[in-house]
Amino acid sequence: MSQVNAVVSSTLFAASAAVFFAWKFVNQKPKHAARVKKIVIYPVKSCGGIELQSAVVTKRGFLYDRAFMIVDEKGNFVSQRKKPTMALIKTQLDHQRGLLILNAPGMSQLEVPLAESANEEVRTVTVWGESCDGRVIDTQGWFSTFLELPSLELVRMGSSWVRPTDPKYAPKGQTGFADGFAFLL
């Protein structure tokens, strides 16, 4: 009988130890957990960003992140790589009035509707060699004046346009005017 008790005791001890270590493993905090410290969106590609406490995620990434872009007369995007002074253009979102607000040194404030308008001309624009439909927003030369480049236009990516991401890295993904992907960590 003592041999049976020893086997039962050993089995119970092993089972208890297994349950304890399984519980500890399940409740263990990961050693290298990722933590988001800051969310910044850039409503206009290459212009100033907006730090957010929280953000709405859409099929293209964070709501309004790189939803707008400045293009030249050929429809090619203009970035800080070509015109570093774009970093001086500050952006704000006024959700109550439905506006993107832009400010730059020496310029009057520019207010742009966040919503698409049926009046916007659709033209082909290019970002990193990819053609997209851009909806032209009339800014009366605001960007050309500030950046001292002729014929600049502000465009928004139309809501019906799909710009897919590289399927090798993000199958079925899409993005706005970001360089390649909706989220970069």
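Rules behind the numbers
- Residues numbered from 1 in each chain as written.
- Predicted model: local features only at pLDDT ≥ 70, side-chain atom pairs only at ≥ 80, totals over all residues.
- Heavy atoms only, no water.
- Pairing = 2+ DSSP bridges.
- Helix = DSSP H or I, 4+ residues; strand = E, 2+ residues; numbered from the N terminus.
- Axes fitted to C-alpha atoms, helices over the stretch in contact; angles between N-to-C directions.
- Buried < 20%, exposed > 50% of the residue type's maximum accessible area, 1.4 Å probe, protein only.
- Contact = heavy atoms within 4.5 Å.
- Salt bridge = Lys/Arg side-chain N within 4 Å of Asp/Glu carboxyl O.
- Phe/Tyr/Trp six-rings, centres within 6.5 Å; stacked < 30°, edge-to-face > 60°.
- Lys NZ or Arg CZ within 6 Å of the ring centre and 35° of its normal.
- Core = buried A, V, L, I, M, F, W, Y, C linked by side-chain atoms within 4.5 Å.

(A) Examining the sheet that holds strand E8 (residues 110-113) more closely. Taken together, three strands build an open sheet; the order of strands is E6-E7-E8 and the sheet is antiparallel. Edge positions in the sheet fall to strand E6 (90-94) and E8, since each of these pairs with one other strand and no more. Across the sheet, the axes of successive neighbouring strands diverge by a mean angle of 25°, strand direction being ignored. Pairing of strand E7 (residues 99-103) with E8, which is carried by four bridges, proceeds in the antiparallel orientation.

(B) Fine view of the side chain of Ser79. With respect to the secondary-structure elements, Ser79 resides in the loop between strand E5 (68-71) and E6. Under the relative-accessibility criterion, Ser79 is labelled buried at 6%. Residues in contact with Ser79, not counting those within four places in the same chain, are Ser46 and Met86.

(C) Broad picture of the pattern of salt bridges. What the rule picks out here adds up to 10 salt bridges. Close ionic contact of Asp179 with Lys45 constitutes a salt bridge, the shortest N to O distance being 2.5 Å. Placement of the pair is Asp179 in the segment after strand E13 (174-175) and Lys45 in the loop between strand E1 (39-41) and strand E2 (50-52), with a sequence separation of 134 residues. For Asp179, a relative accessible area of 35% translates into the label partly exposed. Accessibility expressed as a relative area gives 4% for Lys45, which makes it buried. As a salt-bridge pair, Arg97 and Glu111 come within 3.1 Å of each other at their nearest N and O atoms. Placement of the pair is Arg97 in the loop between E6 and E7 and Glu111 in strand E8, with a sequence separation of 14 residues.

(D) Summary view of the packing of aromatic side chains. Enumeration over the complete set of coordinates arrives at three aromatic pairs. A centroid spacing of 5.0 Å and a plane angle of 75° characterise the contact between Trp142 and Phe143, whose relative ring orientation is edge-to-face. Each member of the pair Trp142 and Phe143 is classed as buried. Members of the aromatic cluster, joined through ring pairs, are Trp142, Phe143 and Phe146. Here the guanidinium or amino end of Lys45 rests over the ring plane of Phe77, the centre of that ring lying 5.3 Å away.

(E) Inspection of the nonpolar core at higher detail. Counting residues in hydrophobic clusters, the biggest one holds 21 residues, and the most contacted among them are Ile70, Ile89, Leu102 and Phe143. Tallying contributions element by element places helix H2 (residues 142-147) first for this core, with four residues. Here Leu102 is in contact with Val44, Ile89, Lys90, Thr91, Ser108, Gln109, Leu110, Val112, Trp142 and Phe143, once residues within four sequence places are set aside. The next biggest cluster of nonpolar side chains, apart from the first, holds 10 residues, and it includes Met69, Val127, Val136 and Phe177.

(F) Region of the structure containing the environment of Ile101. Residue placement: Ile101 occurs in strand E7. A relative accessible area of 6% places Ile101 in the buried class. Taking C-alpha positions, Ile101 is 8.2 Å from Lys90, a pair spaced 11 residues apart along the chain. Excluding residues that lie within four positions of it along the chain, Ile101 makes contacts with Lys90, Thr91, Gln92, Asp94, Gln109, Leu110 and Glu111.

Everything listed here is a matter of geometry and, on its own, says nothing about what the molecule does.
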